[in-house]
Amino acid sequence: CFEGTRVALLREMANWATGADESRMYILSGLAGIGKSTVAYTVASRAADLNLLGASFFFSRDEADRNNAKKLFTTIAYQLCVYNERFAKAIGDALGTKRGSAATTKDPQEQLQVLILDPLRNIVQSRDRPILVVVDALDECNEDDVSAVVEGLSQLVRDLPSFKVILTTRPLPYLDDFLVDQGGHKLFHLQDIEDKVVDGDIRLYLKHNLSLEKVRKYFRRRQWCAGDEEIDILVRAAGRLFIIASTAVRYILDKTISNPSAQMQELLRACAQDHTPFKDLDHFYTIILRNVVPANCDNQTIVSHYQSIVGAIICVSRPLPVSTLAHIINTDVEDIHVVLEKLQSVILLADDEVPRIYHKSFSDYLTDQPRCKDPYLRIDPKIGHTQMAKCCFDITNKHLKYNILELGDPARFMSNEDSLKQDRITDERLQEKIPQHLRYACVYWANHLEVANIEDTELMNRLEMFVDEHTLHWLEVLSLIGNLNLAHRTIRVVLKLLITWKSTSSDLHEFLSDALRFISKFYDIVKRSALHTYYSALTFSPTGSLLYRRCIREAKHNICCIEGGPEKWDATLKSTDVTSMAFSLDNILAIGTPYDGIKLYNTNTHSFISTFSFDGEPTALAFSPDCTRLACGNNYGNVYLWDMRGIDAFSRATAVTAIALSQDCSRLACGYRDGTVELWETSPTKRRIASSHECDVISAVAFGPDARLFASGSEDGRIKIWNAGDGSLHGTLIATDGLRAVALSNSVLVAAGND
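About the cut-offs
- Residues numbered from 1 in each chain as written.
- Predicted model: local features only at pLDDT ≥ 70, side-chain atom pairs only at ≥ 80, totals over all residues.
- Heavy atoms only, no water.
- Helix = DSSP H or I, 4+ residues; strand = E, 2+ residues; numbered from the N terminus.
- Buried < 20%, exposed > 50% of the residue type's maximum accessible area, 1.4 Å probe, protein only.
- Contact = heavy atoms within 4.5 Å.
- Areas by Shrake-Rupley, 256 points an atom, 1.4 Å probe, with all protein chains shown as cover.
- Salt bridge = Lys/Arg side-chain N within 4 Å of Asp/Glu carboxyl O.
- Pairing = 2+ DSSP bridges.
- Axes fitted to C-alpha atoms, helices over the stretch in contact; angles between N-to-C directions.
- Polar contact = N/O pair within 3.5 Å; in protein donor to acceptor, adjacent residues only side chain to side chain.
- Core = buried A, V, L, I, M, F, W, Y, C linked by side-chain atoms within 4.5 Å.
- Phe/Tyr/Trp six-rings, centres within 6.5 Å; stacked < 30°, edge-to-face > 60°.
- UniProt positions renumbered as here; feature names shortened; annotations may be inferred.
- Expected span 1.5 Å × (residues − 1).
- Bend = angle between axes of the 7 residues up to and from the residue.
- Patch = residues over 30% accessible without salt bridge, like charges linked within 9 Å, V, L, I, M, F, W, Y side chains within 5 Å.
- Lys, Arg positive; Asp, Glu negative; His and termini not counted.
- Charge placed at Lys NZ, Arg CZ, Asp CG, Glu CD.
- pLDDT = per-residue confidence, 0-100.

Q: Sorry if this is basic, but what is going on with the overall build of the chain here?
A: Secondary structure assignment for the chain yields 27 helices and 25 strands. Considering the chain as a whole, with its 755 residues, one finds that 53% of them fall into the buried category. By sequence separation, contacts in the chain at least 24 residues apart represent 60% of the contacts at least 6 residues apart. Here the chain displays about 34500 Å² of accessible surface, and carbon together with sulfur accounts for 48% of that area.

As structure tokens, this is what we get:
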């Protein structure tokens, strides 16, 4: 924050961070442009000076690695290692375990539990000083991950009381509901600060930055500074939004214009009408954009350059240097600089030559049709991503080829690491053969395709060319740059899009389905050695598969010929540890794994469908008879019920060992390791009974066909019959020890055990 502004708020937050306040999470909410991120950055900097800042994370919707929660807790864990040596050892030990190493690619809850909560639980209990974690811009996180972030941070401060969290966000409906249910957290709305206080802060900021001393730092010969009346007009125009004030300063001090007085007068004329703050912000942005595209512009070259360059900056999955951006959109570097020089008050171009938008409100304005009414200025995300996807395919279709590094014998038969050493491939040579624009295209083309217009014939023709001619070359490059893990998701994205696209190619879906089976079966081989995509993986692929028939020509470089290989893909879906399994009547197989959640497969096509991720290991699975729901229990005592449209979850403190759904899906029975049996209504989710067997682990539960009764069995051989309506106990039977399964008809009960 600018010195002398936000004084009371910063003092309050500092007292909260260092004091004994019972609330462990401070949520700073406010409208776009009101200054949340600046406050968060200031608090983080001051906490770091006091050695209180354990970690910080800033979400950004414009960067693929920071617009979701996948790296939130791994980043926090890493920064905690840097912060404290004891933390580093504990977290390092956790990463050395199988579960710990696997957690880095799992869902946020698993990462939090395995990499932070479990390793640090005993260490932080004795700490007197708090550890502050700052998380900024929750509203820029993917909507599907918001609940995982808030609930995860809440669990962090609940399980590790030495931690405190500052979270900033725009107002979110979910957050209000969460705070009502959760309680114990401090919520402050920035817009609630008194007008006179905010106006005073903005006035102080403007007077300093538009003073004669500051102006002369930009323009040595200028003797101009802003007058009190001009400052007052800008303060009123800002309407409590610091982003308007900072944008006004950058506009007035634009070096390319070099006339702050004229720029000020232009702004004052624009502010003459009485606008709301957001209308003023839109008006500010329009004025700035007119430097590039004048009103009623009839020069299509100017409009086309603007749309291409600014559209690319908004749509890229991660910020790119100007040189890389120029390669991707096939534009001259100087043309990009010309546009950026005229937009430097809204787009920052620092020494690294990477253009970054100052504030997300600018992107919001440009992509919002009701706000940005000029079609020449407005950026249509669908059009932008369509163009970016086309550019990516142009790059891949031009540059991808077999043995892109031109490795010789014997290097091409070695692992990636050894082959680079053998042929002395330097980082410079690697950059030359796989330049940044090709890397970007290989990694992010599916991100753009997901949002693009798939009815665009040119786009889909380029996709078909890429798939037909370069799929294996693409896998080769992903292996060499360490991004092969993206291949599964990328192929699934395209397969999903093909369902809605009326493709003229009947082979495209078949080929991509083969590619998905290919990378699933040979992932470890391809990851270790890129060229063994052809030498090993392709050679041992089914000879009857479309992928083999089209790509076997790539194996012409092989030193030997393989005959008698399989004709079709085998029944193996995936090699992994399995903790539970269930089969639906419509041939969907659910597999529970200790580190990868629940995997769903279509056994008719041997194809992967989806993953259900959650905390813990799935220890019991059951499909409903009508195949519409899947129930799961895990080793933490949580029970999940999926109806493919949403998730309901409830929990206990012990592991789930048995689970069953009634014929009509109205009841769910589950057994636990501690001998407890529970009966739940599924819609709405409501527990009917919770009864203890006062015996051993519950090993089996089953409903009768009419769902009037259900049975539960324990490992010591006891079987209890329950009324599924009111949960009352009908009776108890004694069977053999080691009971493993029970089944119930209208008149017969069958039990099976180890004997």
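Q: Can you help me understand the pattern of salt bridges in this one?
A: One side chain can pair with another of opposite charge once the charged atoms of both are near each other. A full pass over the atoms with the stated rule returns 25 salt bridges. In this structure, Arg 356 and Asp 352 form a salt bridge, with 3.0 Å as the shortest nitrogen-oxygen distance. On the accessibility criterion, Asp 352 (39% relative accessible area) is partly exposed. Residue Glu 458 pairs with Arg 462 through a salt bridge whose shortest N-O separation is 3.2 Å. Here Glu 458 and its partner Arg 462 are both found in helix α23 (residues 457–480), four residues apart, which amounts to about one turn of the helix. We classify Glu 458 as partly exposed; its relative accessible area is 46%.

Q: When you look at the sheet that holds strand β21 (residues 709–714) in this model, what are you seeing that I'm missing?
A: Pairing between the strands of a sheet is mediated by backbone hydrogen bonds and can be parallel or antiparallel. Here four strands make up an open sheet; going across it, the order is β20-β21-β22-β23 and the pairing antiparallel. The outermost strands of the open sheet, each flanked by one partner alone, are β20 (698–703) and β23 (729–734). Sheet twist, expressed as the average angle between the axes of neighbouring strands with direction ignored, equals 15°.

Q: Help me understand the side chain of Glu 678 in this model?
A: Take Glu 678: it is sitting in strand β18 (residues 676–682). Using a relative accessible area of 0% as the deciding quantity, one classes Glu 678 as buried. For Glu 678, the side chain forms a polar contact with the side chain of Tyr 672, separated by 2.9 Å.

Q: Is there a simple way to think about the nonpolar core in this case?
A: Core analysis: the largest hydrophobic core is formed by 133 residues, its most contacted members being Leu 206, Leu 210, Trp 445 and Trp 474. Broken down by element, the residue count for this core peaks at 11 residues, all from α23. Those residues within four positions of Leu 210 in sequence are excluded, and the remaining contacts are Val 215, Cys 225, Ala 226, Ile 231, Leu 234, Val 249, Ile 252, Leu 253 and Met 264. Counting 40 residues, the second largest nonpolar core, distinct from the first, contains Val 133, Val 149, Leu 153 and Val 165.

Q: How should I be thinking about the pairing of strand β4 (residues 163–169) in this particular structure?
A: For a regular strand, side chains alternate in direction, first toward one face of the sheet and then toward the other. Counting buried positions along β4 yields seven of seven residues, so the element is predominantly enclosed. Of the two faces of β4, both are covered, the one formed by Phe 163, Val 165, Leu 167 and Thr 169 as well as the one formed by Lys 164, Ile 166 and Thr 168. Examined bridge by bridge, strand β1 (residues 25–29) and β4 share five bridges and lie parallel to one another. Among the inter-strand pairings, Leu 28 is bridged to a residue of β4, identified as Thr 168. Bridge analysis of strand β3 (residues 131–136) against β4 gives five bridges, and the strand direction is parallel. Bridge pairing in β4 links Val 133 to Val 165.

Q: It is not clear to me how the packing of aromatic side chains should be interpreted in this structure. Could you clarify?
A: Where two aromatic rings form a pair, the distance of their centres and the angle of their planes describe that pair. Considering all chains together, one arrives at 18 aromatic pairs under this definition. On the numbers, 4.7 Å between centres and 35° between planes, the contact of Phe 413 with Tyr 535 is tilted. With Phe 413 in the loop between α19 (381–399) and α20 (416–422) and Tyr 535 in helix α26 (residues 532–538), the pair connects residues that are 122 residues apart, well separated along the chain. Take Tyr 535: its relative accessible area is 8%, and that puts it in the buried class. Each member of the aromatic cluster is reached from another via a ring pair, and the members are Phe 393, Trp 445, Phe 466 and Trp 474.

Q: Got a minute to help me understand unusual backbone geometry in this structure?
A: Note: most residues except glycine have negative phi, and most peptide bonds are trans. The omega angle of the peptide bond from Asp 409 to Pro 410 is -5°, so this bond is cis rather than trans. Counting through the fold element by element, Pro 410 comes out in the loop between α19 and α20. With a phi close to 55°, Asn 296 is a non-glycine residue in the positive phi region. For Asn 296, the location among the structural elements is in the loop between α14 (277–289) and α15 (300–315). Since its relative accessible area comes to 76%, Asn 296 is described here as exposed.

Q: Even after reading the chapter, I still don't get the UniProt feature "repeat: WD" (unreviewed entry) in the chain, so can you show me in this structure?
A: Cross-referencing UniProt, the feature "repeat: WD" (unreviewed entry) maps to residues 649–690 and 698–732 in the present numbering. Note that residues 698–732 is 0% helix and 63% strand, and that its end C-alpha atoms are spaced 14 Å apart.

Q: Mind showing me how you'd approach the environment of Ala 44 here?
A: Mapped onto the fold, Ala 44 is located in helix α2 (residues 36–49). Every residue in contact with Ala 44, bar those within four places of it in the chain, is listed here: Leu 53 and Val 134.

Q: Where do I start with helix α25 (residues 507–528) in this structure?
A: Counting along an α-helix, one turn takes 3.6 residues, and residues three or four places apart therefore face a common direction. The end-to-end C-alpha distance of α25, which contains 22 residues, comes to 30 Å, matching closely the 32 Å that a straight helix rising 1.5 Å per residue would cover. Approximately 75° is the largest bend angle found in α25, and it occurs at Phe 522. Taken residue by residue, α25 has Leu 508, Phe 511, Leu 512, Asp 514, Ala 515, Leu 516, Arg 517, Phe 518, Ile 519, Phe 522, Tyr 523 and Val 526 as its buried positions.

Q: Please clarify how a negative patch on the surface should be interpreted in this entry.
A: Together, Asp 332, Glu 334, Asp 335 and Glu 341 make up a negatively charged patch on the protein surface. One can find Glu 341 in helix α17 (residues 333–342).

Q: It is not clear to me how the pairing of strand β14 (residues 638–642) should be interpreted in this structure. Could you clarify?
A: Of all five residues in β14, five are buried; the element is thus mostly enclosed. Neither face of β14 is open: one carries Asn 638, Tyr 640 and Trp 642, the other Val 639 and Leu 641, and all of them are buried. The pairing of strand β13 (residues 630–634) with β14 spans four bridges and is classified as antiparallel. Residue Ala 631 lies in a different strand from β14, and its bridge partner there is Leu 641. The antiparallel hairpin formed by β13 and β14 contains three residues in its connecting segment, where Gly 637 sits at a positive phi of about 90°.

Q: For this particular structure, what's the right way to read the confidence of the model for the chain?
A: Close inspection of predicted coordinates is inappropriate in any region flagged by low pLDDT. With 86% of its residues at a pLDDT of at least 70, the chain reaches an overall mean of 83. Mean pLDDT values over the elements of the chain span from 44, in strand β15 (residues 647–651), up to 96, in α19. The model gives residues 274–278 a pLDDT under 50, and that stretch makes 10 contacts with residues more than four places away or in other chains. Every residue in residues 644–649 scores below 50 in pLDDT, and together they form 13 contacts with partners more than four places removed in sequence or on other chains.

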